[in-house]
2 protein chains.
Amino acid sequence: MSERFSASYLIETSQSLEKAVQTMAGEQSTGTFVKIPGETGELMEKYAAKIEELEELETVDQPALPHAKKGTPIRRARVKLSWPVENIGPNLPNLMATVAGNLFELAPFSGLKLLDIRLPDSFESVYPGPGFGIGGTYKKIGISDRPIIGTIIKPSVGLDAALTAKQVSTLIDAGLDFIKDDELMGDPTYNRFTERVDACMKVINNYADKHGKKPMYAFNLSGTMDEMKKRHDYLLEKGGTCIMINLIWVGLSGIQEMAGHTQLPIHGHRNGWGIFQRHPLLGIEYPAMAKMWRLAGVDHLHCNGIRNKFCETDDSVFASIKDCLTPIWSDQDRAMPVLSSGQWAGQAFDTYKGIQSTTLMYLAGGGIMGHPGGIAAGVESLRYAWQAAMEGLDEQAARERYKVVDEAFEFFG
Amino acid sequence: MSERFSASYLIETSQSLEKAVQTMAGEQSTGTFVKIPGETGELMEKYAAKIEELEELETVDQPALPHAKKGTPIRRARVKLSWPVENIGPNLPNLMATVAGNLFELAPFSGLKLLDIRLPDSFESVYPGPGFGIGGTYKKIGISDRPIIGTIIKPSVGLDAALTAKQVSTLIDAGLDFIKDDELMGDPTYNRFTERVDACMKVINNYADKHGKKPMYAFNLSGTMDEMKKRHDYLLEKGGTCIMINLIWVGLSGIQEMAGHTQLPIHGHRNGWGIFQRHPLLGIEYPAMAKMWRLAGVDHLHCNGIRNKFCETDDSVFASIKDCLTPIWSDQDRAMPVLSSGQWAGQAFDTYKGIQSTTLMYLAGGGIMGHPGGIAAGVESLRYAWQAAMEGLDEQAARERYKVVDEAFEFFG
């Protein structure tokens, strides 16, 4: 028996469930609508997709997506397909063409979502995963065993390099461990990448010389491969410690190439992710896609945060964080989960309850800057809230112990 | 006034329409939930996104997507936003972070689809578009002024290099202009890329020597950047004339890098596209994404075909084909539209009516192989059907004139 990889799906169809799932398997292996010469039984047996599991779920009244073949009842089901690894070799674009590919458009389906992917061990030797990961990131920042407290430079557009550096100075003086460019900030004419690196790294290097701890700044270098490599090299030379990539637009092959080039951790920004995840019966769930990004070499992965300003549910956020923290093969291939979006001290308690871990980046913008005690108090409020949550204090007890946490609840709560 | 780029959207919200659209504009320029220092009126004025148009459409009873802020009435609208080009420079990943980015997850929206993007002329000098395009592709195949008739090697998995070459020999002897790998066929252990190139190019080169016309084979080289470049170089050396890339997984930066390297046209396969397009109120419509791919340098773009085996409507297919054939700045940046999926002679008539053009690739699998008169008759049936459609014949008249077309209607109709 050869090694196989598998993928699980949530599907919805008004056709015969068995036939619909056979169509999935056919499209993703032998695939045509007429029997043709050469499609022998032997080939089918050896290389075709196999239906490993099929679990019927509820029926529904209305199809989730339009233009599918019509009928009743409309059934939902979980299905798991598998393929021999020989079909693709350890190749990420071809893996995605196989487990995702044309499936989302197949006529029998009024809903189809890829939930997760399971890869055979032969991928491990080819894809070592994140080059730095969780341990490497903590080490570069010079801390461990607590959330990395971070923020995003705002406004996302308009600031020049000098103003950015001034903000960085204020932020690191206030005690922040991590700062990132907004995903909208790349290489604008009024704040060129190299100018921003020059100005900000000067501030950060000075701070590191004085304090022996170097806050990490994730500079967004997204662009062509040439631009990204040049920017990485420039940043490395200036003492930078992290690069940020817009994952979906740069693409898996682009990420892999950068992972092969970089000597710094890759902060993976998932903007555009709503396209893949927002609809419950269309697209790809986080565990499937995050595995691809981790294999490609991404060190930090955005997960949203609970009670965020977006539409993602807390359950989905928890699942994403846990997924980042779960090894595919080993601890080294875990990614640092990045929590952000409308976060302030208040979400630390339920987040800790949900994931039972403090291995994460906790990014707040307004949740730091807007703190009535000022920016340093904002940073402290996050750190103390997490400290309290870890020690098993509830919100009330934490507010009683830490003034800055209490002030945060007063203002943001 | 500086140059601006713009993007149009279909949105759905139960909140105040104006406020919701202001949230879109804010998220994609200054973006945070609390006013912060530095966000001055001057910066806002200069670099913020602007609402250019807002057209209210119908109200609906049920939200299209879950987890949005609730309320009534639920309104739909078309909106157009613009940004100064200084914000991003001519940079595709940063452009997509701006016009798409986090928008799909914003809480006020129970629906948001990016419809189209309009770019300023400053992009033209940086992105010359397809290296070969329509003219270059016709020239390489040695034909013009008619549809390029093509097929896809099936079964998609399992065939070794020798069997593939045998099929190629049969197909080009039958008169096909174009052959492509299935998107599932890359570099499997039983049919390595180089073995397949060796076996198939020998057959194709022999045919070209004899007939003075070289059918084009699009070999799927999707993989890491290194693999893709090596495979391209190998194929070029062996006399190959086309490379195929899985666009969504390789990514915009990966495609651009290949476009800078390739000396052959890029056949762009859009597998995974259902994630972006299937839902009417989530994701990205073809004209927006196809522009990105064309700018990145893709020469051929898949468009589906009418009455396809998937869920895409004929109107959507027509719109995609027309989009490929419409210049962004000049004829050179048009892409060759690739029609496929359940196609046979019968769709030529309505397709021609819908687009009034024969500048396209028309790919059929079963529609050629399954023809009762054999493969050569299958190829002829497509060519004659298009010939008849161009001459203004209707289906009945075409069936009367061409036996192979009549047989196709008997069998597939």
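Remember, it's a predicted structure, so these values are computed and weren't measured experimentally.

(A) Fine view of the overall build of chain A. Regarding its fold elements, chain A presents 18 helices and 13 strands. Relative to the compact-globule value of 22 Å for 413 residues, chain A shows a C-alpha radius of gyration of 23 Å, a close match. Seen through its C-alpha atoms, chain A measures out along the principal axes to roughly 75 × 50 × 40 Å. Per-residue burial over chain A gives 66% buried out of 413 residues. Considering only contacts in chain A between residues 6 or more positions apart, those separated by 24 or more positions represent 75%. Surface summary for chain A: the accessible area is close to 14200 Å², and the carbon and sulfur share equals 48%. Distance from the positive charge centre (42 side chains) to the negative charge centre (51 side chains) of chain A: 2 Å.

(B) Representation of the relation of the copies chain A and chain B within the structure. For the pair chain A and chain B, the superposition axis carries a translation of 0.0 Å, the fit reaches an RMSD of 0.0 Å, and the rotation angle comes to 180 degrees. What we have between these two chains is a two-fold relation. Among all residues of chain A, the minimum C-alpha distance to the rotation axis is found for Gly251 of chain A, at 1.7 Å. Mapped onto chain B, 100% of the interface residues of chain A are again interface residues, and the two copies thus contact each other with one and the same surface.

(C) Structural view of the environment of Pro337 of chain B. Residue and element names in this part refer to chain B. Among the structural elements, Pro337 can be located in strand E12 (residues 336-339). Exposure remark for Pro337: the relative accessible area of 0% places this residue in the buried category. In this structure, the C-alpha to C-alpha distance between Pro337 and His300, residues 37 residues apart in sequence, is 6.0 Å. What Pro337 contacts, discounting residues up to four positions off in sequence, is Leu301, Cys303, Ile321, Cys324, Leu325, Thr359, Leu360 and Met361.

(D) Up close: the UniProt feature "domain: Ribulose bisphosphate carboxylase large subunit C-terminal" (unreviewed entry) in chain A. UniProt marks residues 134-412 of chain A with the feature "domain: Ribulose bisphosphate carboxylase large subunit C-terminal" (unreviewed entry), using the numbering shown here. Secondary structure across residues 134-412 of chain A divides into 51% helix and 13% strand, with the first and last C-alpha atoms of the span separated by 30 Å.

(E) Up close: the interface of chain A and chain B. Opposite the 93 residues of chain A that make contact, chain B presents 93 residues. When residues of chain A are sorted by the area they lose upon contact with chain B, Glu105, Trp249 and Arg278 of chain A head the list and together hold 11% of the total. Our count for the chain A to chain B interface comes out at two salt bridges. Glu27 of chain A is the salt-bridge partner of Lys309 of chain B, the closest N and O atoms lying 3.1 Å from each other. Joining chain A to chain B, the criterion identifies 28 residue pairs in polar contact (both at pLDDT 80 or more). Class assignment of the residues belonging to the side of chain A that touches chain B gives a composition of 39 nonpolar, 39 polar and 15 charged.

(F) Representation of the pairing of strand E9 (residues 266-269) of chain B. Residue and element names in this part refer to chain B. Residues Ile266 and Gly268 line one face of E9 and the alternating positions His267 and His269 line the opposite face, and both faces are buried. Relative to E9, strand E8 (residues 242-246) runs parallel, the two being bridged by four bridges. Along E9, the bridge assignment pairs Ile245 with Gly268. Here E9 pairs with strand E11 (residues 300-302) via two bridges, running parallel. By the bridge assignment for E11, Gly268 is matched with Leu301.

(G) The arrangement of the packing of aromatic side chains in detail. Enumeration over the complete set of coordinates arrives at 30 aromatic pairs over all chains. Geometrically, the ring pair formed by Trp273 of chain B and Phe276 of chain B is stacked, given 5.6 Å between the ring centres and 10 degrees between the ring planes. Residue Trp273 of chain B and its partner Phe276 of chain B are located together in helix H11 (residues 273-277), separated by three residues, close to a single helical turn. Relative accessible area serves as the criterion here: at 3%, Phe276 of chain B is assigned to the buried category. Taken together, a centroid distance of 5.4 Å and an interplanar angle of 75 degrees make the contact between Tyr362 of chain B and Trp386 of chain B edge-to-face. Pair noted here: Tyr362 of chain B is in strand E13 (residues 361-363) and Trp386 of chain B is in helix H16 (residues 375-390), with a separation of 24 residues, a long-range link. Trp386 of chain B sits in the buried class, given a relative accessible area of 1%. Grouping aromatic residues by their ring pairs yields a cluster made of Trp273, Phe276, Tyr286 and Trp293 of chain A together with Trp273, Phe276, Tyr286 and Trp293 of chain B. Positioned above the aromatic ring of Phe193 of chain B, the side-chain terminus of Arg231 of chain B is 5.7 Å from the ring centre.

(H) Structural context of the confidence of the model for chain A. Taken residue by residue, chain A gives an average pLDDT of 94. The fraction at 70 or more is 97%. The ipTM, which scores confidence in the relative placement of chains, is 0.95 for this predicted complex, and the corresponding pTM is 0.96.

(I) Quick look at the sheet that holds E11 of chain B. Residues and elements named next belong to chain B. On the basis of which strands lie adjacent, the closed barrel formed by eight strands has the order E5-E6-E7-E8-E9-E11-E12-E13 and parallel pairing. Between one strand and the next, the sheet's axes are offset by a mean angle of 25 degrees, whatever the strand orientation. By the bridge criterion, three bridges tie strand E5 (residues 148-152) to strand E6 (residues 178-180) in an arrangement that is parallel. Note that in E6 the partner of Ile152 across the bridge is Lys180.

(J) Structural view of the environment of Met225 of chain B. Residue position: Met225 of chain B is located in helix H8 (residues 225-237). Separated by twelve residues in sequence, Met225 of chain B and Glu237 of chain B place their C-alpha atoms 18 Å apart. Beyond its immediate sequence surroundings of up to four residues, Met225 of chain B is in contact with Ser253 and Glu257 of chain A together with Gly254, Glu257 and Met258 of chain B.

(K) Representation of the state of the cysteines within the structure. Throughout the structure, instances matching the rule amount to zero disulfides over all chains. Of all cysteine sulfurs in the structure, the one in Cys303 of chain A sits closest to Cys324 of chain A, which takes part in no disulfide; the separation is 3.7 Å. Cys242 of chain B takes part in no disulfide bond, and the closest cysteine sulfur, belonging to Cys200 of chain B, lies 14 Å away.

(L) Quick look at the sheet that holds strand E4 (residues 109-118) of chain B. Residues and elements named next belong to chain B. The mixed open sheet is built from five strands, whose spatial order is E2-E3-E1-E4-E10. If you trace the sheet from one side to the other, it starts and ends with strand E2 (50-60) and strand E10 (282-284), each paired once. Along the sheet, successive strands turn relative to each other by an average axial angle of 15 degrees, direction set aside. Here E4 runs beside E10; their pairing, made up of three bridges, is parallel. What sits directly across from Leu114, in E10, is Ile284. Along the sheet, helix H1 (residues 17-27) contacts strand E1 (4-13), E2, strand E3 (74-84) and E4; its crossing angle with E3, the most-contacted strand, is approximately 35 degrees. Against the sheet, helix H12 (residues 286-296) touches E4 and E10, its axis set at about 45 degrees to E4.

The rules behind these values
Residues numbered from 1 in each chain as written. Chains lettered and ligands numbered in written order. Predicted model: local features only at pLDDT ≥ 70, side-chain atom pairs only at ≥ 80, totals over all residues. Heavy atoms only, no water. Helix = DSSP H or I, 4+ residues; strand = E, 2+ residues; numbered from the N terminus. Rg over C-alpha atoms; globule rule 2.2 N^0.38 Å. Buried < 20%, exposed > 50% of the residue type's maximum accessible area, 1.4 Å probe, protein only. Contact = heavy atoms within 4.5 Å. Areas by Shrake-Rupley, 256 points an atom, 1.4 Å probe, with all protein chains shown as cover. Lys, Arg positive; Asp, Glu negative; His and termini not counted. Charge placed at Lys NZ, Arg CZ, Asp CG, Glu CD. Least-squares fit on C-alpha atoms with pLDDT ≥ 70 in both. UniProt positions renumbered as here; feature names shortened; annotations may be inferred. Buried area = accessible area lost by both parts, 1.4 Å probe. Salt bridge = Lys/Arg side-chain N within 4 Å of Asp/Glu carboxyl O. Polar contact = N/O pair within 3.5 Å; in protein donor to acceptor, adjacent residues only side chain to side chain. Nonpolar A, V, L, I, M, F, W, Y, C, P; charged D, E, K, R; others polar. Pairing = 2+ DSSP bridges. Phe/Tyr/Trp six-rings, centres within 6.5 Å; stacked < 30°, edge-to-face > 60°. Lys NZ or Arg CZ within 6 Å of the ring centre and 35° of its normal. pLDDT = per-residue confidence, 0-100. Axes fitted to C-alpha atoms, helices over the stretch in contact; angles between N-to-C directions. Disulfide = S-S within 2.5 Å.

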